[in-house]
Amino acid sequence: MDLELLGEGLANGHAEAEAGLCYKHFRYFLKRAWREIDPAPFVDGWHIDAIADHLQAVHDGHIKNLIINIPPGLGKSMIASVLWPAWCWAKKPTLQFMGASYEAQLSTRDAVKCRQLMSTPWYKFFFRSHASPFPVKPWEFEDDQNLKTFYKNTEKGHRQAIGVGGKGTGYRGDVLIIDDPISASDAHSKIKREAAIRWKDETMSSRFNNKEKAKEVLIMQRLHEEDLTGHLLRQGGWEHLRLPARFEVADKCKTRTWAGADFYEDRRTQEGELLFPALLSDNVLKIMKVQCGSYGFAGQYQQRPAPAEGGIIK
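A brief report on the enclosed structure follows. If you're wondering where the values come from, they're calculated on a predicted model, not measured in any experiment.

What follows covers the overall build of the protein. Helix and strand content of the protein: ten helices and ten strands. Relative to a compact globule of 314 residues, whose C-alpha radius of gyration would be 20 Å, the protein shows 20 Å and is just as compact. Dimensions of the protein, computed from the C-alpha atoms along their principal axes, are close to 60 × 45 × 35 Å. Each of the 314 residues in the protein was classed as buried or not, and the buried ones make up 54%. Intrachain contacts of the protein at a sequence separation of at least 6 include 67% that bridge at least 24 residues. Between the averaged position of the 43 positive side-chain charges in the protein and that of its 40 negative side-chain charges there is a distance of 3 Å.

Encoded structure:
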């Protein structure tokens, strides 16, 4: 898509109307922006709207600290670490993001994809240019600070990519995104789990420009009862979006806003109802339970790191 085609779309109103929905609602933005940076076809699901609406609530100030637990392979990194920061900069380019994963290469990968999206003609035209039909302040990437791991824009916003356990290189931010703080292979290492928790509590807790206004998002699959999700839930002050592969009536997920109003509840009603049959069908889940073992499956796919029926560790 080039600027000429965008101009033609504006002339007939379709592109502007589409971009208007994208500007107002993150759920529309992510579905439209996906094809700008990922050649694979976008496969929609209701859980994507649930994640998008919670992330928008964080940006809008209705939720301050958010934990999202979801099975692997459902696009969580693309949504939370690539598309969401780009949408936030379309609304408020002064925001300063810190993104972290258990390997610095992963957080760097997502920072680069995010920058690629914000460099596309579609994004530039509608969300960061003088030609934009929306109330956005035009901005550019700073030439003197435009690295893969740390880049800035001309509105003083920045995006920093670090590894969990890193020092944060002295920079501060407004928003912290922690995407998989520990790998599945390290889940049963007490040393690795405690290192991630110490990094969050002792290092990153002091890296915000304003702690009262700071926004934090942790998105991961559950790996152990004493992983970072478990630790933060015990601390309190976090809203918890739990999306198990198979619905469990007795543990239905409900979330609330920072002000205490009801915000969301799992739309499923039947025990065992699937989260995303297009990718996690009943047959696939049966295979994964055999491969992962009862404990691994309960954590990674049910977001409950102890099987209800008991089990063995593979």
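Time to look at the nonpolar core. Phe26, Phe29, Leu55, Trp84, Tyr123 and Phe127 are the most contacted members of the largest nonpolar core, which has 69 residues in total. The dominant element in this core, judged by the number of residues it contributes, is helix H5 (residues 76-91), at eleven residues. Residues contacting Phe127, with those up to four places away along its chain left out, are Ala19, Cys22, Tyr23, Phe29, Ala90, Trp122, Ser132, Phe134, Val136 and Trp139.

Secondary-structure assignment places Ile79 in helix H5. C-alpha separation for the pair Ile79 and Phe26, spaced 53 residues apart in sequence, amounts to 9.8 Å. With sequence-adjacent residues up to four places away left out, Ile79 is seen in contact with Phe26, Leu30, Trp34, Ile48, Ile51, Leu55 and Trp84.

This part covers the pattern of salt bridges. Oppositely charged side chains may form a pair once their charged atoms are brought near each other. As enumerated under the stated definition, the model contains 25 salt bridges in all. Of the charged contacts, one joins Glu36 and Arg32 as a salt bridge, the two residues approaching to 2.9 Å between their closest N and O atoms. Of the two residues, Glu36 and Arg32 both sit in helix H3 (residues 26-37), four residues apart, roughly one turn of that helix. The exposure class assigned to Glu36 is partly exposed, which follows from its relative accessible area of 23%.

Here we take up the side chain of His59. In this fold, His59 is placed in helix H4 (residues 46-60). Here His59 falls in the buried class, since its relative accessible area comes to 15%. Apart from residues no more than four positions distant in its own chain, His59 is found in contact with Trp84, Trp87, Cys88, Lys91, Lys92, Leu95 and Lys215.

Further remarks concern the pairing of strand E2 (residues 96-101). Most of E2 sits out of view: six of its six residues are buried. Here E2 shows a buried face lined by Gln96, Met98 and Ala100 and a second buried face lined by Phe97, Gly99 and Ser101. Examined bridge by bridge, E2 and strand E6 (residues 175-179) share four bridges and lie parallel to one another. Its bridge partner lying in E6, Met98 is registered against Leu176.

Our focus in this paragraph is the packing of H3 against H5. Viewed as axis vectors pointing N to C, H3 and H5 meet at an angle of 105°, and their least axial separation amounts to 10 Å. On the basis of their axis angle, the class for H3 and H5 is roughly perpendicular. Counting all contacts with H3, which are made through Phe26, Phe29, Leu30, Ala33, Trp34 and Ile37, the residues of H5 involved are Met78, Ile79, Val82, Leu83, Trp84, Ala86 and Trp87. For the contact of H3 with H5, a count of residues per class yields 13 nonpolar, no polar and no charged.

A few words now on the sheet that holds strand E7 (residues 215-220). Spatially, the eight strands line up as an open sheet ordered E3-E4-E5-E2-E6-E7-E1-E8, and their pairing is mixed. With one partner strand each, in any of the chains shown, strand E3 (141-146) and strand E8 (239-242) form the two edges of the open sheet. Recorded for the sheet is a direction-independent mean angle of 15° between the axes of neighbouring strands. One ladder, built from five bridges, connects E6 with E7; its direction is parallel. Bridge assignment links Val175 to a residue of E7, and that residue is Lys215.

Turning to the state of the cysteines, a few remarks are in order. For the structure shown, the criterion picks out zero disulfides. Here Cys114 is not cross-linked by a disulfide; its sulfur's nearest cysteine counterpart is in Cys88, at 9.2 Å.

One ladder, built from two bridges, connects E3 with strand E4 (residues 150-153); its direction is antiparallel. Its bridge partner lying in E4, Asn146 is registered against Tyr151. Pairing geometry for E4 and strand E5 (residues 158-163), over three bridges, is antiparallel. Among the inter-strand pairings, Lys152 is bridged to a residue of E5, identified as His158. In textbook terms, the turn of a hairpin is the stretch between consecutive antiparallel strands, and for E4 and E5 this stretch comprises four residues, one of which, Lys156, has a positive phi near 75°.

Cut-offs applied
Counting from 1, residues in each chain are numbered in the order their sequence is written. Since the coordinates come from a predicted model, pLDDT governs what is reported: local features require at least 70, and pairs of side-chain atoms require 80 or more to be given and counted, while whole-chain, interface and lining totals use all residues. To get the side-chain values, take all heavy atoms of the structure and skip hydrogens and water. Strands here mean DSSP runs of E at least two residues long; helices mean DSSP runs of H or I at least four residues long; both are numbered from the N terminus. Two things to know: the radius of gyration comes from C-alpha atoms, and the globule rule equals 2.2 Å times the number of residues to the power 0.38. Exposure is judged per residue with a 1.4 Å probe applied to protein chains only, and the accessible area is read against the type maximum: over 50% gives exposed, under 20% gives buried, and values in between give partly exposed. In this description, contact between two residues means that some pair of their heavy atoms is separated by no more than 4.5 Å. When charges are counted, Lys and Arg are positive and Asp and Glu negative, with His and the chain ends excluded. Charge positions come from single atoms, namely NZ of Lys, CZ of Arg, CG of Asp or CD of Glu. The definition of a nonpolar core used throughout is a set of buried Ala, Val, Leu, Ile, Met, Phe, Trp, Tyr and Cys residues joined through side-chain atoms within 4.5 Å. Every case where a carboxyl oxygen of Asp or Glu lies within 4 Å of a side-chain nitrogen of Lys or Arg is listed as a salt bridge. We call two strands paired when DSSP finds no fewer than two bridges between them. Angles shown run from 0 to 180 degrees and are taken between the N-to-C directions of axes, each axis being a line fitted to C-alpha atoms and, for helices, limited to the stretch in contact. The scheme is simple: roughly parallel for angles under 35 degrees, roughly antiparallel for over 145, roughly perpendicular for 65 to 115, oblique for anything else. Note that Gly is not counted as nonpolar here; it falls among the polar residues with everything else outside the nonpolar set of Ala, Val, Leu, Ile, Met, Phe, Trp, Tyr, Cys and Pro and the charged set of Asp, Glu, Lys and Arg. The term disulfide is used for any two cysteine sulfur atoms that are within 2.5 Å.

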